[in-house]
Amino acid sequence: MIQHSLLCTSCRREYPFGEIRPRCQQCGEPLELQKVSHATINVADSLTQTMLERYSAFFPFASIDPLLSLGEGFTPLSESPRLSSDLGVRRLLFKNETLNPTWSFKDRGTIAGIQHAAAIGCSRIGTVSTGNMAVSVAAYGARAGMETFVLVSDSIPEEKISPIAIHQPHLIRVNGDYGNLYFESVRIGTDLGIYFLNSDVPLRVEGSKTIAFEICEQLQLQVPDYVIVPTSAGGNLRGIIKGFEEFVLCGLIPRMPTIVCAQASGCAPIFNAWSTGKDSIERVQAPHTIAHAIENPFPPSGNQALRKIREHDGLCIAVSDDAILQAQRTMAREGIFGQPAAAVPLAALRQLRKEGTVTEDATVVCVVTGCGLKYTAALREQPISTTHCTLEQLPSVLASPRA
Ligand SMILES: *Cc1c(COP(=O)(O)O)cnc(C)c1O
Ligand SMILES: [Zn+2]
């Protein structure tokens, strides 16, 4: 394998790449791979090449096993002319991550992590999650034939168990502090040789870079003005920023977009620190939002997300559950069905337009991170409208439906 190393995102201490090590032993902050500054896109037929093959020069792999892939990435960037005129922006585009193999962007980081596990000869993987990441790791672990451990909290609702269990991982309900489970799993995993692909481990962040790469390619290497990312642990936001940074360094795009970290008001630790000028995040007490996928009260990459947003003059914003549900309905009217967390960017854009932060000449990309069918319980909060009639009444109902 080519010599790569992992750097601490805070104290810059260096660690070897060929081992399982997500965080700095010195300061506890996340590690990351050095930025790629000389690379080109491996342009080939996207019907036959995989996402990692296309961007292989931006990844630290000597070779890529296409059989590990389930067809992640290469998701549409759908333009919404109607909504852009409603909101009063020049262009509005949805990066529709619901079209990934397990219906969320998590598959991008999972494939990168599994490829790394295979490269360092590790055949046991795991994760701590009750949602999209658990499903993704269970599916890709099954595909790779790796022994897979999914740790969930003991209080996980039954409806969330079966989409994970169907892939037949070791599914372990842990009774204890769920926040602590992230750090404990990483520690135990390093000792036992189980590669925990948790939310913001270095390779997961690398996987998320491809969202930025694809957005650039889909816009013919034009840079959008804003990219809005619903943020919890911070891994996806970091990856998207790193992707744009690397395309700038490689001379593929001229500048960075403005990155917006969007959170739910009921759980907004990064927004809270950003808006009060603090250097580090504080744990949110009693978090509560309908957007469960972004309900992490103490995000492991919160401090690094904060540093990167400040470095690039990005923005943070928090939106209410009502605004989120409204955005979910609005997007669905464009044919895009995101889960509540995935509707947060559109709710954020509406607020940023109202405040005048985003101006009417802007091109905006909302990252729709995961599919609405993943979380049907949230639909109970949505008004459902139907019409009833007899067969005899049908002609008149069809001739003049209710508005
Ligand atoms: C995981 C997830 C997020 C948050 O990503 P982080 O990397 O944890 O910040 C947002 N939306 C959906 C649908 C997710 O599954
Ligand atoms: Zn450090």
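As shown above, the structure is provided for reference.
Every value quoted in this text rests on a predicted model; they were computed, and no experiment measured them.

1. A closer look at the sheet that holds strand 3 (residues 31-33)
No. 1: Across the sheet, 3 strands lie side by side as 2-1-3; this open sheet has antiparallel pairing. Either end of the sheet is taken by a strand with one partner, and the two such strands are strand 2 (14-16) and strand 3. Strand-to-strand twist across the sheet, computed as the mean angle between neighbouring axes with direction ignored, equals 35°.
No. 2: Bridge count between strand 1 (residues 5-8) and strand 2: 3 bridges; the pairing is antiparallel. Within strand 2, the position partnered with Leu6 by the bridge is Tyr15.

2. Section: the coordination of the zinc ion (ligand 2)
Six octahedral donors at a metal ideally form angles of 90 or 180 degrees, and four tetrahedral donors ideally form angles of 109.5 degrees.
No. 1: Within the protein, the atoms that donate to the zinc ion (ligand 2) are Cys8 (SG), Cys11 (SG), Cys24 (SG) and Cys27 (SG), at distances of 2.3 to 2.4 Å.
No. 2: Along the chain, the residues donating to the zinc ion (ligand 2) are arranged with the sequence spacing C-x2-C-x12-C-x2-C.
No. 3: With relative accessibility at 5%, the residue Cys24 sits in the buried group.
No. 4: The exposure class assigned to Cys27 is partly exposed, which follows from its relative accessible area of 35%.

3. Let's talk about the pairing of strand 10 (residues 226-230)
No. 1: In terms of burial, strand 10 is a largely internal element, 5 of the 5 residues being buried.
No. 2: Because side chains alternate across strand 10, one face comprises the buried residues Tyr226, Ile228 and Pro230, and the other comprises Val227 and Val229, equally buried.
No. 3: Each parallel crossover has a hand, and the one from strand 10 via helix 8 (residues 235-249) to strand 11 (residues 258-264) is right-handed.
No. 4: Looking at chain direction, strand 10 and strand 13 (residues 363-368) are connected through 3 bridges and run parallel. Among the inter-strand pairings, Tyr226 is bridged to a residue of strand 13, identified as Val364.

4. A look at the environment of Pro269
No. 1: Structurally, Pro269 is set in helix 9 (residues 269-275).
No. 2: We classify Pro269 as buried; its relative accessible area is 1%.
No. 3: Measuring from C-alpha to C-alpha, the distance between Pro269 and Leu7 comes to 25 Å, with 262 residues separating the pair along the chain.
No. 4: Sequence-distant contacts of Pro269, defined by excluding residues within four places in its chain, comprise Gln263, Ile281, Glu282, Val284, Asn296, Pro297 and Pro299.

5. Things to note about the sheet that holds strand 13
Backbone hydrogen bonds are what pair the strands of a sheet, in a parallel or an antiparallel way.
No. 1: Taken in spatial order, the 6 strands make up an open sheet running 4-5-13-10-11-12, and their pairing is mixed. The open sheet has two free edges, formed respectively by strand 4 (77-79) and strand 12 (315-319), since each of these has just one partner strand. For this sheet, the mean inter-axis angle between neighbouring strands, taken without regard to orientation, is 25°.
No. 2: Here strand 4 pairs with strand 5 (residues 91-96) via 3 bridges, running antiparallel. Across the sheet, the residue bridging to Leu77 is Lys95, located in strand 5.
No. 3: The sheet contacts of helix 12 (residues 340-354) involve strand 5, strand 10, strand 11, strand 12 and strand 13, and relative to strand 12 the element is tilted by about 105°.

6. Details of the environment of Pro287
No. 1: For Pro287, the location among the structural elements is in the loop between helix 9 and helix 10 (302-311).
No. 2: The contact partners of Pro287, leaving out residues within four places of it in the chain, are Gly266, Cys267, Glu295 and Pro297.

7. Brief notes about the pattern of salt bridges
Side chains bearing opposite charge may pair, as long as their charged atoms lie close to each other.
No. 1: Applying the stated criterion across every chain yields a total of 21 salt bridges.
No. 2: Among the salt bridges present, the one from Glu97 reaches Arg108, with a minimum N-O distance of 2.7 Å. One end of the pair, Glu97, is in the loop between strand 5 and helix 3 (106-119); the other, Arg108, is in helix 3, with 11 residues separating them in the sequence.
No. 3: Residue Glu97 is classed as buried on the basis of its relative accessible area of 0%.
No. 4: Lys308 serves as the salt-bridge partner of Glu245, at 2.8 Å between the closest nitrogen and oxygen.

8. Structural notes on the nonpolar core
No. 1: Ranked by internal contacts, the top residues of the largest apolar core, which has 64 residues, are Phe58, Val227, Ile240 and Phe244.
No. 2: Of the residues forming this core, the biggest block, 6 residues, is contributed by helix 7 (residues 202-218).
No. 3: Excluding residues within four positions of it along the chain, Ile240 makes contact with Ser208, Ile211, Ala212, Val227, Val229, Ile259 and Val367.
No. 4: Judged by nonpolar contacts, the second largest core, of 38 residues, contains Ala342, Leu349, Leu352 and Val358.

Criteria and thresholds
Residues numbered from 1 in each chain as written. Chains lettered and ligands numbered in written order. Predicted model: local features only at pLDDT ≥ 70, side-chain atom pairs only at ≥ 80, totals over all residues. Heavy atoms only, no water. Pairing = 2+ DSSP bridges. Helix = DSSP H or I, 4+ residues; strand = E, 2+ residues; numbered from the N terminus. Axes fitted to C-alpha atoms, helices over the stretch in contact; angles between N-to-C directions. Donors = N, O, S within 2.8 Å, 3.2 Å for Na, K, Ca; no water. Buried < 20%, exposed > 50% of the residue type's maximum accessible area, 1.4 Å probe, protein only. Right-handed = clockwise from strand over helix to strand, strands pointing away. Contact = heavy atoms within 4.5 Å. Salt bridge = Lys/Arg side-chain N within 4 Å of Asp/Glu carboxyl O. Core = buried A, V, L, I, M, F, W, Y, C linked by side-chain atoms within 4.5 Å.

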